Amino acid sequence: MKFGLRHIRYFIAVAEELHFRRAASRLGIAQPALSRAIQHLEAELNIVLFERTNRHVKLTDAGREFYKGSQAIMNNVNHTIENARNVSEGRIGTLRIGYTDFAIAGSLPNLLREFSKAQPGIILQPHHDVTRVQLKKMEEGTLDIGFVTGPISLPSYEQILIQKDAFICFVHKNHHLAGRRSIKLSELANEDFIHGPYNDWEHFYSYLIPLCRDAGFMPNIVQEVFNSDGILGLVASGMGVTILTDSSKSTAISGLTSIPIEDVTHKLTTVALWKNGSPDSATMKLVEFLRQHELT
């Protein structure tokens, strides 16, 4: 059948006006052109849609049925167009978000909550991964934006600083250092450490190892656990101490004491990271939002 949305739109105007001249004026076209379009539609359908006399225009029974379907067609088309426009402009969509332990224990939950309020049409799909895995997923195109331990020195990425965390020590509540208001890092030289596996936590170790080396020792890591919760669990079991960040206090379990490290002023940074070039509109909506909360 050789007719399109234009014919449907013309038919709806005539069906609602029941007057060709008024319908033509509404559509902004000449009346003869409208009459020819309706005649063409009827011929293609092999259906009489209107009863016409010199005095009036009236829908046939078939015309009334076709009008119901035509309204549904145009509503669906308009809805599809609006959805496509919303996707293009980043008002709706899905964002695959990665986050580290430090990000989710810090400012990220508040940021995502506020972003969802501002952009309710964008569905967030957060997933926990270490920085190394997030970078791999972004390269593969299975992650849109990551909240990772930074800074990241890769030319194909852009980043926004969203969090700075001080390093602190966690010990069992009965540990000999537990009553101290603060310690020097060198006082941990002979302690057993609990930390994450080096391959997974390499970005964290890029901070920890130089700090310990400057304090005159290398940490004696006796147990490795994948995430912060597991690390703190083993510390609470009395199996060693750990150095994490002050954001980790929000998830710390009972039986632990956190102690500031007075001679470590360096801070661990968390950045929002995405591939540059042509990120999708939903990602850029989040980027625009994060720029308003960027740290300096």
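Model, not experiment: these values are computed from the prediction.

Procedures and definitions
Residues numbered from 1 in each chain as written. Predicted model: local features only at pLDDT ≥ 70, side-chain atom pairs only at ≥ 80, totals over all residues. Heavy atoms only, no water. Helix = DSSP H or I, 4+ residues; strand = E, 2+ residues; numbered from the N terminus. Rg over C-alpha atoms; globule rule 2.2 N^0.38 Å. Buried < 20%, exposed > 50% of the residue type's maximum accessible area, 1.4 Å probe, protein only. Areas by Shrake-Rupley, 256 points an atom, 1.4 Å probe, with all protein chains shown as cover. Lys, Arg positive; Asp, Glu negative; His and termini not counted. Charge placed at Lys NZ, Arg CZ, Asp CG, Glu CD. Core = buried A, V, L, I, M, F, W, Y, C linked by side-chain atoms within 4.5 Å. Contact = heavy atoms within 4.5 Å.

K.L.:
So what exactly am I meant to see when it comes to the overall build of the chain here?
P.N.:
In terms of helices and strands, the chain carries ten helices and eleven strands. Taken over C-alpha atoms, the radius of gyration comes to 32 Å for the chain, far larger than the 19 Å a tight globule of 296 residues would show. Seen through its C-alpha atoms, the chain measures out along the principal axes to roughly 105 × 40 × 30 Å. For the chain, the residues scored as buried account for 44% of the 296 residues in total. As displayed, the chain offers around 15,400 Å² of accessible surface, 49% of which is attributable to carbon and sulfur atoms. Of the side-chain charges in the chain, 31 are positive and 31 negative, and the distance between the mean point of each set is 12 Å.

K.L.:
Please clarify how the nonpolar core should be interpreted in this entry.
P.N.:
One broad trend across soluble globular proteins is that nonpolar side chains are buried collectively. Ranked by internal contacts, the top residues of the largest apolar core, which has 36 residues, are Phe167, Leu185, Leu188, Trp201, Phe204, Ile243 and Leu244. Secondary structure elements with two or more residues in this core: strand S6 (157–172), strand S7 (192–195), helix H8 (202–214), helix H9 (228–236), strand S9 (242–245) and strand S10 (256–260). Contact partners of Ile243, with chain neighbours within four places excluded, come to Phe167, Ile168, Cys169, Leu185, Leu188, Phe193, His195, Phe204, Leu208 and Ile261. Counting residues in hydrophobic clusters, the runner-up holds 23 residues, among them Ile12, Ala23, Leu59 and Tyr67.

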